[in-house]
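Residues per chain, in single letters:
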Amino acid sequence: MNAGYWCEHALVDGAVEPSVRITVDAGRFHSVQVGAAPSAGDHRLAGVTVPGLANAHSHAFHRSLRSRTQRHGGTFWTWRELMYAAAERLDPDRYLRLARATFAEMAMAGISCVGEFHYLHHRPDGRPYDDPNVMAAALVEAASAAGLRITLLDTLYLHGGLDADGHRAPSGAQRRFTDGSVAAWIDRVDGIDSTIGTGVARLGAGIHSVRAVDPAAMREVATWARGRDLPVHAHVSEQVEENERCLAAYGVTPVSVLREAGLLDVRFTAVHATHLTPDDIRALEGLVVCMCPTTERDLGDGVGPTARLVDAGVDLSLGSDSHAIIDLFEEARAVELDERLRSGRRGVHPAASLLAAATVAGHRCLGWDDAGSIQVGRRADLVTVSTSTPRLAGTGERALLEAVVFSAVAADVTDVLIDGRPVVADGRHLAVDVSAELDDIIPELMGD
């Protein structure tokens, strides 16, 4: 039996339309009628309803660092030491609890799908758990409990750093990240298949960075992922120093290393891509770049060349990455606002294209091509943003799309439907007490 939803306004075919009636059957949109009256029994959604958002780059365990790292100055490289300290404290149970609360917080922010860039694989001393994929299983279980779809981007991490003399051995917390060889990584990841395949979880591959993966290993990942038609994501040129080390070691930029390794095909997403040459930008034509503006600001990374990327035919997606905040509306508008600071021009990235980055492009780069828009046959994800809050009150009908992108915050989300299942109602997660769970697990994990 179909469930009915009547939306005061909804985003259909790129425009915000009034009085939209939607029916859902078996987790898919069954009908979408613009200008329709509600039927008896319909769930009424007041405000503006948009497709579910896709968080294309997440490190769930970084949620434990929120605000704590603001007490310290330094750079990305000093922040990284604080992140390593948090990584050393996690075990499968704590990982499950922290990720469940983090993913539920995402759902409350309107996120229906997450790409989890997962490299926290083993025990603190680097030895595998009895189940070598128990940490991956914790993430899949956490996403299911929170009601999200997940693309588990199991990430290869072999080396502890890169300089002119080559790669360094992993040390400290990095020992948890490495499988020792690409062959061992492939063997372990091949064993994840039994934990995926649930209909709400899919597998992808991650290459941590040129600092942590050598070109020969990259080529093996490219071949393995291509044979399985899996998405591949990698941190790319996040820091100037990363580029300098890559140039010293290989004489070319990280993008060139990835290209020569055969990774730059339609399944590839470059995360950050902050410091690119013109040749790098041309090499990414037709691919996806995942921008994480809040993290890039928080860590002092810099501002990525988003206008030049779009002009070169690159699609943008969005991620909350380190979860300094979880708010894809903020990530979306930051792409435009940062570009305004760079160029001195307004309207480089219109609201419609920013929302497409948060919906269609994000789902596509995570392997969920059947999600991200309100269309018959696609996955039934709906996110309703209230227009009664002080941030959106008084918005005229013609400016509703712009209001959602440039004024709304995560707290304005009232209702979320994912694959036809209500996950958030009246601003409250229906299965997880998010604040209570975060209050419980983070002080325990961080020792305060």
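See the structure shown above.
Residues numbered from 1 in each chain as written. Predicted model: local features only at pLDDT ≥ 70, side-chain atom pairs only at ≥ 80, totals over all residues. Heavy atoms only, no water.

Q: Would you mind showing me how to read the packing of helix α4 (residues 182-190) against helix α5 (residues 215-228) here?
A: Two elements in contact, α4 and α5, have axes whose closest approach is 10 Å; the angle formed by their N-to-C orientations is 25 degrees. By the angle between their directions, the pair α4 and α5 is classed as roughly parallel. The interaxial crossing formed by α4 with α5 has right-handed handedness. Between α4 and α5, the contacting residues are Val182, Trp185, Ile186, Val189 and Asp190 on the first element and Ala217, Glu220, Val221, Trp224 and Arg228 on the second. In terms of residue class, the contact of α4 with α5 is built from seven nonpolar, no polar and three charged. (Axes fitted to C-alpha atoms, helices over the stretch in contact; angles between N-to-C directions. Helix = DSSP H or I, 4+ residues; strand = E, 2+ residues; numbered from the N terminus. Parallel < 35°, antiparallel > 145°, perpendicular 65-115°, else oblique. Left-handed = near helix turned anticlockwise from the far one by under 90°. Contact = heavy atoms within 4.5 Å. Nonpolar A, V, L, I, M, F, W, Y, C, P; charged D, E, K, R; others polar.)

Q: What should I look at first to understand the sheet that holds strand β15 (residues 382-385) in this one?
A: In any sheet, the strands associate via hydrogen bonds between backbone groups, in a parallel or an antiparallel arrangement. Spatially, eight strands are ordered β3-β2-β1-β4-β15-β16-β17-β18 in an open sheet, and the strand pairing comes out mixed. The outermost strands of the open sheet, each flanked by one partner alone, are β3 (28-34) and β18 (428-429). Bridge count between β15 and strand β16 (residues 413-418): four bridges; the pairing is antiparallel. Its bridge partner lying in β16, valine 385 is registered against valine 413. (Pairing = 2+ DSSP bridges.)

Q: Any chance you could explain the pattern of salt bridges here in plain terms?
A: Side-chain pairs of opposite charge can arise whenever the charged atoms involved come near each other. Overall, the coordinates contain 31 salt bridges when judged by the stated rule. Residue glutamate 105 pairs with arginine 63 through a salt bridge whose shortest N-O separation is 2.9 Å. With a gap of 42 residues between them, glutamate 105 in helix α2 (residues 92-108) and arginine 63 in the loop between β5 (53-58) and α1 (76-87) connect regions that are remote in the sequence. Glutamate 105 sits in the buried class, given a relative accessible area of 15%. Salt bridges here are not isolated pairs; linked through shared partners, they connect Arg28, Arg149, Asp370, Arg379, Asp381 and Asp419. (Salt bridge = Lys/Arg side-chain N within 4 Å of Asp/Glu carboxyl O. Buried < 20%, exposed > 50% of the residue type's maximum accessible area, 1.4 Å probe, protein only.)

Q: Before we go on, may I ask you to explain the sheet that holds strand β13 (residues 288-291) in this structure?
A: Overall, parallel pairing links the eight strands, which are arranged β5-β6-β7-β10-β11-β12-β13-β14 in an open sheet. Because the sheet does not close on itself, it has two edges, and the strands there are β5 and β14 (315-318). The sheet shows a mean angle of 25 degrees between the axes of neighbouring strands, direction not considered. Two elements, strand β10 (residues 201-207) and strand β11 (residues 232-236), share three bridges in a ladder whose sense is parallel. By the bridge assignment for β11, isoleucine 207 is matched with alanine 234. Those strands touched by helix α3 (residues 134-146) are β6 (111-118), β7 (149-156) and β10, and its axis lies near 160 degrees from that of β7. Where helix α12 (residues 351-365) meets the sheet, its contacts fall on β5, β6, β7, β11, β12 (268-272), β13 and β14, and the angle it forms with β14 comes to roughly 90 degrees.

Q: Can you walk me through the layout of surface pockets in this structure?
A: Estimated volume of the largest pocket: approximately 380 Å³. Lining the largest pocket are 19 residues; nearest its centre among them are Pro231, Arg267, Arg364, Gly367 and Asp369. Elements with a minimum of two residues in the lining of the largest pocket: β10, β12 and α12. Along the lines of polarity and charge, the residues of the lining of the largest pocket split into nine nonpolar, four polar and six charged. (1 Å grid on protein atoms, 1.4 Å probe; cavity = no way out; pocket = protein on both sides within 12 Å on 5 of 7 lines; lining within 4 Å. Points joined across faces, edges and corners; volume = space filled by probe spheres on them.)

Q: Would you mind going over the side chain of arginine 149 with me for this structure?
A: Position of arginine 149 relative to the elements: it lies in strand β7. In this structure arginine 149 comes out as buried when scored by relative accessible area, which is 0%. A distance of 3.1 Å separates a polar atom in the side chain of arginine 149 from a polar atom in the side chain of histidine 363. With near-sequence residues (within four places) excluded, arginine 149 lies in contact with Ser112, Cys113, Val114, Val200, His363, Trp368, Ala371, Arg379, Asp381, Ile418 and Asp419. (Polar contact = N/O pair within 3.5 Å; in protein donor to acceptor, adjacent residues only side chain to side chain.)

That is the geometry; function is a separate question.
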